[in-house]
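Listed below are the residues making up each chain.
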Amino acid sequence: MTEEILRDDLRFYFMSPCEKYRTRRQLPWKLAVQILKIFMITLQLILFGLNNQLVVSYKEENLMAFKSLFLKGYSGVDEDDYSIAVYTKQSVYDSLHYVIDQYSQLGNLSVGPVSYAEENEKFLPLIICKKSYKKGSTEPSKEVYDIDAELETESTKTWRMNNASFFELDFYRLVDIEITFTLKGINLQTVRSHELPDCYSFFVKILFDNSCHSGKVKLTLDFEAVSSVCKNWKISGTAQKSTHYLLIFDGFVIVVCLSSAVLCTRSIILAVRLLQVNQHSRFSNDQREFLNGWYILVIISDVLAIIGSILKMEIQAKSMTNYDVCSIFLGTSTLMVWVGVIRYLAYFEKYNVLILTMRAALPKVLRFCCCAGMIYLGYTFCGWIVLGPYHEKFEGLSRVAECLFSLVNGDDMFPTFAEFEQKNTMVWLFSRAYLYSFISLFIYMVLSLFIALITDAYETIKGYQMTGFPMTELQRFLMGQKEGFSLQGQEGVGTECGEAETIHPSVMLCCCKRYSI
């Protein structure tokens, strides 16, 4: 391959879509596919999000309804990580009796379309499981106890509290009581969205937690909702089945994403071939410029979008019910698709400052974050072990990390100081020293240095925009220059390539107008 042919191939490879069209009349298929993909994936995400909102609201409202139906004295607001708490033996018995009684009268009480699950055309009773220590006795006044730590489990299926011996509770041995039952329901609100209603199975669990043996029995109600296709259905009026239209749209999205992935893969293969041809040339040090990271990002987003679309089609066809996994794939793919748009904005002078600044500052920022992270982790562990028993924001490692991150950003400072319990003077004084030192160190020093690193990178890029970017051997070769020949020495280059100087060095010269050698 002659040098001129090699230069033309390389120059064409690094050109922008508009330059490729102006030079060889090659239509920008990748650009057109990316634009179409952006609108289609975004529309797909919006449609899925609206449908997901209906499902989430249906589950949340059913959970609230079940708590109000089966938990005696429930106020509508959970207490911390449990629903309600009782403190007397009689209250525990009353709560147990209330659950059983409400379950037996569900058909006369609930205003929603829920009913008992059936097996062999018979309604299923609730199941009560009791866990206790095998044997034990305690005498707190004499500080004496005798406990067998091995647990024993007893269970019964019932509609009434007719087993007197089972419900005789030894509270000093009792660990927990678990009540489980299954209910059936239909989500009718999807009819308004011109979709078929889903049938749900609610696997409800009510837990009486006495594991702490602190005199406080915590009641928690939760359920697992599983949707399925209703066996017999009939809808009249304006609501019609539109599932097949959504399936066709999702299939079209998959085709577009496959086309995008194929085009980007072809470009990567072409880059690898050019790299193999030029691996022994004088600009072999610029080999990383041949591999475009944007193509890899687009391919990853395409794969995620295809997987998310397949999962969405399975959900529409009622073959699966895991909305969360589908949301992760669709959301991540949409994020990457929109981030990928920056690649095309980078061909314009006034839009590529963000990319250049991030690329220049990233290595220094990562090294700086590694050092600052060590200090941050030290404060995290220290705050958890010392302040955790006295402040709810420091009860867990993840909560401590989130609280400290909020403090770094100036959020929620005064409540963090004010909510400390003054039960222990020494710990209270330590908390003041801890918070003042952390806030002063991270806001006045660490955060300021972090911003300074990014500002320094921005100033460097701004200076390059005024004087020109340092040129690599590859860029000199593309411009037809000999080694050591400066950019300003070429007549007309400064005026025609002014915009190109702000673009990433690997494509800087290729966004200019065609330059005659």
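Only a predicted model underlies this, so the values are computations on that prediction, with no experimental measurement involved.

Caption draft 1: Main features of the overall build of the chain. When helices and strands are counted, the chain shows 15 helices and 11 strands. A burial count over the chain gives 40% of its 517 residues as buried. Sequence-distant contacts in the chain: of pairs separated by 6 or more residues, those separated by 24 or more amount to 70%.

Caption draft 2: Focus on the side chain of D250. Counting through the fold element by element, D250 comes out in helix α6 (residues 243-277). With residues near it in sequence (within four places) discarded, D250 still touches Q44, S309, K312, M313 and Q316.

Caption draft 3: Structural detail: unusual backbone geometry. The backbone of H213 sits at a positive phi, close to 50 degrees, despite the residue not being glycine. Along the chain, the position of H213 falls in the loop between β10 (198-209) and β11 (217-228). The class of H213 is partly exposed, set by a relative accessible area of 31%. For D412, which is not glycine, the phi dihedral falls at a positive 60 degrees. Assignment of secondary structure puts D412 in the loop between α11 (397-408) and α12 (413-418). For D412, a relative accessible area of 33% corresponds to the partly exposed category.

Caption draft 4: Quick look at the UniProt feature "transmembrane region" (unreviewed entry) in the chain. Within the UniProt annotation, "transmembrane region" (unreviewed entry) is assigned to residues 245-272, 292-311, 323-345, 365-387 and 433-454. In this annotation, residues 323-345 is assigned 96% helix and 0% strand; the end-to-end C-alpha distance for the span is 34 Å. With 100% helix and 0% strand, residues 365-387 has its two end C-alpha atoms placed 31 Å apart.

Caption draft 5: Molecular detail of a nonpolar patch on the surface. Taken together, the side chains of M374, I375, L377, F381, W384, I385 and L397 present a nonpolar region at the surface, about 670 Å² in accessible area. Counting residues per element, the nonpolar patch draws most heavily on helix α10 (residues 353-387), which supplies 6 residues. Within the secondary structure, L397 is located in helix α11. Take L397: its relative accessible area is 35%, and that puts it in the partly exposed class.

Caption draft 6: Fine view of α10. Its 35 residues give α10 an end-to-end C-alpha distance of only 44 Å, which falls more than 12% under 51 Å, the value for a rise of 1.5 Å per residue. The largest bend in α10 is about 45 degrees, located at L362, with the proline P363 one to four residues further on. Buried residues of α10: I355, L356, T357, A361, V365, F368, A372, Y376, Y379, T380, G383 and L387, and no others. Tucked inside the fold, the buried residues of α10 contact α7 (293-316), α9 (342-345), α11 and α13 (425-467).

Caption draft 7: Representation of the environment of F202. Within the secondary structure layout, F202 lies in strand β10. In sequence terms F202 and L183 are 19 residues apart; their C-alpha atoms lie 5.0 Å from each other. Leave out the neighbours within four places in its chain, and F202 touches Y58, N62, F66, F181, T182, L183, G185, F223, E224 and A225.

Caption draft 8: Fine view of the packing of helix α3 (residues 29-70) against α7. Viewed as axis vectors pointing N to C, α3 and α7 meet at an angle of 35 degrees, and their least axial separation amounts to 11 Å. The element α3 and its partner α7 pack so that their crossing is left-handed. Of α7, the residues touching α3 (which contributes K30, Q34, K37, I41, Q44, F48 and N51) are Y295, V298, S301, D302, A305, S309, K312, I315 and Q316. Here the residues of the contact of α3 with α7 sort into 6 nonpolar, 6 polar and 4 charged.

Quick notes on the rules
Residues numbered from 1 in each chain as written. Predicted model: local features only at pLDDT ≥ 70, side-chain atom pairs only at ≥ 80, totals over all residues. Heavy atoms only, no water. Helix = DSSP H or I, 4+ residues; strand = E, 2+ residues; numbered from the N terminus. Buried < 20%, exposed > 50% of the residue type's maximum accessible area, 1.4 Å probe, protein only. Contact = heavy atoms within 4.5 Å. UniProt positions renumbered as here; feature names shortened; annotations may be inferred. Patch = residues over 30% accessible without salt bridge, like charges linked within 9 Å, V, L, I, M, F, W, Y side chains within 5 Å. Areas by Shrake-Rupley, 256 points an atom, 1.4 Å probe, with all protein chains shown as cover. Salt bridge = Lys/Arg side-chain N within 4 Å of Asp/Glu carboxyl O. Expected span 1.5 Å × (residues − 1). Bend = angle between axes of the 7 residues up to and from the residue. Axes fitted to C-alpha atoms, helices over the stretch in contact; angles between N-to-C directions. Left-handed = near helix turned anticlockwise from the far one by under 90°. Nonpolar A, V, L, I, M, F, W, Y, C, P; charged D, E, K, R; others polar.

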